Amino acid sequence: GLEDIFAQGPFKVMGEFSRGQYKGESLGVHNTFAQGGTAGTVEYDTATGYMEAGYILTGEKYADSYKGGVFSSFKPKNNFDIDNNQWGLLELALRLESYQVDDIVMAGNSNNRVQGSLSSYSRNSNENTSGSGVKATGKTYTAGIRWILNPNLVFKANYAYTRLGDDFIPIDTVASTSLSPINSESIIMTRMQYMF
């Protein structure tokens, strides 16, 4: 894995990339990765990463919160006070995340189904993946805003759009249900935080 960050004034860019190779034993019936069949082996490779850029609109500097190798909490120069035209701290951020799981091989199982967070489930793929490799990819694009009114009160809002490389059935559903596989999703996330 490799991670780096650069910040100057109100601007910040950061990113991380990692690769992994995994080998293990499949437990067969009711296993997370395989449903049905006898025990066998599971192998897959992963590549994950993200890039993020942030900008503080109200003039605070990222370096002011950088201590001991990490970014700590931000404090606005001026706490929110509408009567004096002070708005606290406003930050905008953009983020790209991606993952790739490939060379997935599940050997020794009679009825394997690769699904859930490990991999996408494709309507066009063979249900029996024994001895073959399958692949899953995905990218998530996120735009967000953080509004720190004062050191105790924070509002956050994010919009994230994920595009999957294959049709996907969520891990908490069953393929035989009427739920159709999906290949993308949109999420709006909000948060209000009060720190005592």
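Because the structure is a prediction, the values reported are computed rather than measured.

Further remarks concern the confidence of the model for the protein. This prediction gives the protein a mean pLDDT of 79; 71% of its residues lie at or above 70. Per-element averaging of pLDDT across the protein places strand E5 (residues 70-71) at the bottom with 76 and strand E9 (residues 182-194) at the top with 92. In the predicted structure, residues 29-36 sits below a pLDDT of 50 and forms 23 contacts with residues beyond four places in sequence or in another chain. Counting interchain partners and residues more than four positions distant, the pLDDT-below-50 stretch residues 109-132 has 79 contacts.

Together, Phe6, Phe11, Tyr55, Leu57, Leu92 and Ile145 make up an exposed nonpolar region whose accessible area comes to about 550 Å². Relative to the assigned elements, Ile145 resides in strand E7 (residues 133-150).

This paragraph deals with the environment of Asn183. If you trace the backbone, Asn183 turns up in strand E9. Residues Asn183 and Gly165, spaced 18 residues apart in sequence, show a C-alpha to C-alpha distance of 7.0 Å. At 3.5 Å, the side chain of Asn183 forms a polar contact with the side chain of Arg163.

Once that is clear, we can look at the packing of aromatic side chains. This structure, assessed with the given rule, holds six aromatic pairs. Centre to centre, the rings of Trp147 and Phe155 are 6.0 Å apart; their planes meet at 35°, and the pair counts as tilted. Trp147 gets classed as partly exposed once you look at its relative accessible area, which sits at 26%. Exposure remark for Phe155: the relative accessible area of 32% places this residue in the partly exposed category. Cluster of aromatic residues (ring-pair linked, three or more members): Phe80, Trp87, Trp147 and Phe155. The ring of Tyr50 is capped by Arg95, whose NZ or CZ atom sits 4.0 Å from the centre of that ring.

Moving on: the pattern of salt bridges. Enumeration according to the criterion identifies three salt bridges in this entry. Measuring nitrogen to oxygen at the nearest pair gives 2.5 Å for the salt bridge that ties Arg95 to Glu52. In this pair, Arg95 sits in strand E6 (residues 89-107) while Glu52 sits in strand E3 (residues 40-56), placing the two residues 43 residues apart along the sequence. Residue classification places Arg95 among the partly exposed residues on the basis of a relative accessible area of 25%. Glu52 gets classed as buried once you look at its relative accessible area, which sits at 16%.

Look at Asn85: it is not a glycine, yet its phi comes out positive at around 55°. With respect to the helices, strands and loops of the structure, Asn85 is situated in the loop between E5 and E6. Given the relative accessible area of 55%, Asn85 is considered exposed.

Okay, the layout of surface pockets next. Quantified by volume, the largest pocket comes out at close to 540 Å³. Along its surface, the largest pocket is lined by 23 residues, and Lys12, Met14, Glu52, Glu91 and Arg146 are the ones closest to its centre. Those elements that place two or more of their residues in the lining of the largest pocket are strand E1 (2-8), strand E2 (11-26), E5, E6, E7 and strand E8 (153-168). In terms of residue count, E7 provides more of the lining of the largest pocket than any other element does, five residues in total. The class makeup of the residues in the lining of the largest pocket is eleven nonpolar, four polar and eight charged.

How each quantity is defined
- Residues numbered from 1 in each chain as written.
- Predicted model: local features only at pLDDT ≥ 70, side-chain atom pairs only at ≥ 80, totals over all residues.
- Heavy atoms only, no water.
- pLDDT = per-residue confidence, 0-100.
- Helix = DSSP H or I, 4+ residues; strand = E, 2+ residues; numbered from the N terminus.
- Contact = heavy atoms within 4.5 Å.
- Patch = residues over 30% accessible without salt bridge, like charges linked within 9 Å, V, L, I, M, F, W, Y side chains within 5 Å.
- Areas by Shrake-Rupley, 256 points an atom, 1.4 Å probe, with all protein chains shown as cover.
- Salt bridge = Lys/Arg side-chain N within 4 Å of Asp/Glu carboxyl O.
- Polar contact = N/O pair within 3.5 Å; in protein donor to acceptor, adjacent residues only side chain to side chain.
- Phe/Tyr/Trp six-rings, centres within 6.5 Å; stacked < 30°, edge-to-face > 60°.
- Buried < 20%, exposed > 50% of the residue type's maximum accessible area, 1.4 Å probe, protein only.
- Lys NZ or Arg CZ within 6 Å of the ring centre and 35° of its normal.
- 1 Å grid on protein atoms, 1.4 Å probe; cavity = no way out; pocket = protein on both sides within 12 Å on 5 of 7 lines; lining within 4 Å.
- Points joined across faces, edges and corners; volume = space filled by probe spheres on them.
- Nonpolar A, V, L, I, M, F, W, Y, C, P; charged D, E, K, R; others polar.

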